[in-house]
Amino acid sequence: RADIAMFRAKELGGDNYKFYTHAMREQLGERVQMENALRQALERREFVLYYQPQVDIGSGRIVGMEALIRWQHPEMGMVAPGRFIPLAEETGMILPMGAWVLRSACQQLRTWQSEGHRNLRVAVNVSARQMAEQGFVGSVADVLVEAGLDPTCLELELTESLVMNDVEHAIVVMRQLKKLGVKLAIDDFGTGYSSLAHLKRFTVDVLKIDQAFVRDLTVDPDDAAIVTTIIALAANLNLQVISEGVETLEQLSFLRAHGCSQMQGYYFSRPVPASAFGAVLDENDARLAAGSAAPLGVA
Ligand code: C2E
Ligand code: MG
Ligand code: MG
Ligand code: MG
């Protein structure tokens, strides 16, 4: 937006130039402010993890949850990750932030497990900068040991663009992570630039169907075709598949009918803070114990 403003300013000349440079300065000021606030956020403990359940439709069980970062700023309020993750990546802040996310999510899962919620996994989003960092695999290993968590209970979500950033390096890191025993998922699958030839070389366990394809699934035949093709691809490559962004019973029914049994979305639950998620787990356990195979309000 800044370069458009600059272009317009030059084009219009005179007072407009001043106007646009003023707008640019304000924008720049905002960015610097945001950057400073972000730098302080970790030590001020302003980051919070929310958790969203991942449901197995066949058994009605919550099989895991995705950890999603939130920034609770004293003045700005709740800042969505879309507004600060890109800045965190640019500034390198994503490294300490990502380390915090990983440690917190693993410790939280360990707590839930010790409270009796076994067979749960936690999915953690990883950014390109983290993957590129020397010693990333070692830091994952350290966190697992420190939390006392079985490596197979941790799933790392990588995006295609992250992997394509430096394919050869990413493949090496993925192999090392697999050796540790952690699970790997491709997030937002189908929206990136990786090819099937690459997918073959990725040692991943799970494809996550992007919510962009799920949204109009029941009304757009193209989306329906893409989703059924991803489900078939996953089955043929012996990969698990999970849909994100499931909001309606119609979407759920379509996905189930086409062989996708794991789902995540507002239909089941929005992402919620850890304390609320504990209650969701208890509720679901109680429902299953009572003999129902229906998770979270599914008929
Ligand atoms: P993502 O990993 O693809 O996460 C899914 C996003 O979809 C989340 O947005 C989630 O709240 C939202 N979502 C879940 N169910 C539904 C649904 O039924 N309908 C709709 N419309 N949306 C749904 P959120 O939490 O705002 O996160 C956005 C993105 O920010 C994430 O996309 C991920 O790429 C990134 N992100 C979040 N937390 C972290 C983190 O700890 N580290 C890194 N590196 N990235 C993160
Ligand atoms: Mg994700
Ligand atoms: Mg996603
Ligand atoms: Mg997404």
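Throughout what follows, the structure given in this document is the object of discussion. (Residues numbered from 1 in each chain as written. Chains lettered and ligands numbered in written order. Predicted model: local features only at pLDDT ≥ 70, side-chain atom pairs only at ≥ 80, totals over all residues. Heavy atoms only, no water.)

Quick look at the pattern of salt bridges
A side chain of one charge can pair with a side chain of the opposite charge if their charged atoms are brought near each other.
Right, on to step 1. Counted under the stated rule, the structure contains ten salt bridges.
Right, on to step 2. The salt bridge involving Arg 39 is made with Glu 35; its shortest N-O contact spans 3.0 Å. With Arg 39 and Glu 35 both in helix α2 (residues 14–41) and four residues apart, this pair spans about one turn of that helix.
Right, on to step 3. Given a relative accessible area of 18%, Glu 35 falls into the buried group.
Right, on to step 4. Among the ionic pairs, Lys 208 bridges to Glu 157, the shortest N-O distance being 2.8 Å. Of this pair, Lys 208 sits in strand β7 (residues 206–209) while Glu 157 sits in strand β5 (residues 154–159); the two residues are 51 residues apart in sequence, bridging distant segments of the chain.
Right, on to step 5. What makes Glu 157 buried here is its relative accessible area of 1%. (Salt bridge = Lys/Arg side-chain N within 4 Å of Asp/Glu carboxyl O. Helix = DSSP H or I, 4+ residues; strand = E, 2+ residues; numbered from the N terminus. Buried < 20%, exposed > 50% of the residue type's maximum accessible area, 1.4 Å probe, protein only.)

Examining unusual backbone geometry
Right, on to step 1. In this structure, Asp 188 is a non-glycine residue whose phi angle is positive, near 50°.
Right, on to step 2. Within the secondary structure layout, Asp 188 lies in strand β6 (residues 183–189).
Right, on to step 3. Positioned with a positive phi, Asn 238 is a non-glycine residue whose angle comes to about 65°.
Right, on to step 4. By the secondary structure assignment, Asn 238 is in the loop between α11 (221–236) and β8 (240–243).

Comments concerning the coordination of the magnesium ion (ligand 2)
Right, on to step 1. Summarising the metal site, the magnesium ion (ligand 2) is bound by the protein donors Glu 66 (OE), Asn 125 (OD1), Glu 157 (OE) and Asp 187 (OD), whose distances to it range over 2.0 to 2.2 Å.
Right, on to step 2. Positions of the donor residues of the magnesium ion (ligand 2), expressed as sequence spacing, correspond to E-x58-N-x31-E-x29-D.
Right, on to step 3. Separation of the magnesium ion (ligand 2) from the magnesium ion (ligand 3) amounts to 4.0 Å, with Asp 187 serving as a shared donor to the pair. One end of the pair, Asn 125, is in strand β4 (residues 121–125); the other, Asp 187, is in strand β6, and 62 residues separate them in sequence.
Right, on to step 4. Here Asn 125 falls in the partly exposed class, since its relative accessible area comes to 29%. (Donors = N, O, S within 2.8 Å, 3.2 Å for Na, K, Ca; no water.)

Considerations on the layout of surface pockets
Right, on to step 1. Size it by volume and the largest pocket reaches roughly 1000 Å³.
Right, on to step 2. Surrounding the largest pocket, 39 residues form its lining, Glu 66, Leu 68, Pro 81, Asn 125 and Asp 187 being those nearest its centre.
Right, on to step 3. Elements represented by at least two residues in the lining of the largest pocket include exactly β1 (47–56), β2 (61–73), α3 (81–91), α4 (94–114), α5 (128–132), β5, α7 (160–165) and β6.
Right, on to step 4. Partitioning the lining of the largest pocket into residue classes produces 15 nonpolar, 13 polar and eleven charged.
Right, on to step 5. Every residue lining the second largest pocket is counted, 23 residues in all, and those nearest its centre are Gln 27, Glu 30, Arg 31, Met 34 and Leu 87.
Right, on to step 6. Secondary-structure elements contributing two or more residues to the lining of the second largest pocket are α2 and α3.
Right, on to step 7. Looking at the lining of the second largest pocket element by element, the count peaks at ten residues for α2.
Right, on to step 8. Looking at side-chain class alone, the lining of the second largest pocket contains nine nonpolar, five polar and nine charged residues. (1 Å grid on protein atoms, 1.4 Å probe; cavity = no way out; pocket = protein on both sides within 12 Å on 5 of 7 lines; lining within 4 Å. Points joined across faces, edges and corners; volume = space filled by probe spheres on them. Nonpolar A, V, L, I, M, F, W, Y, C, P; charged D, E, K, R; others polar.)

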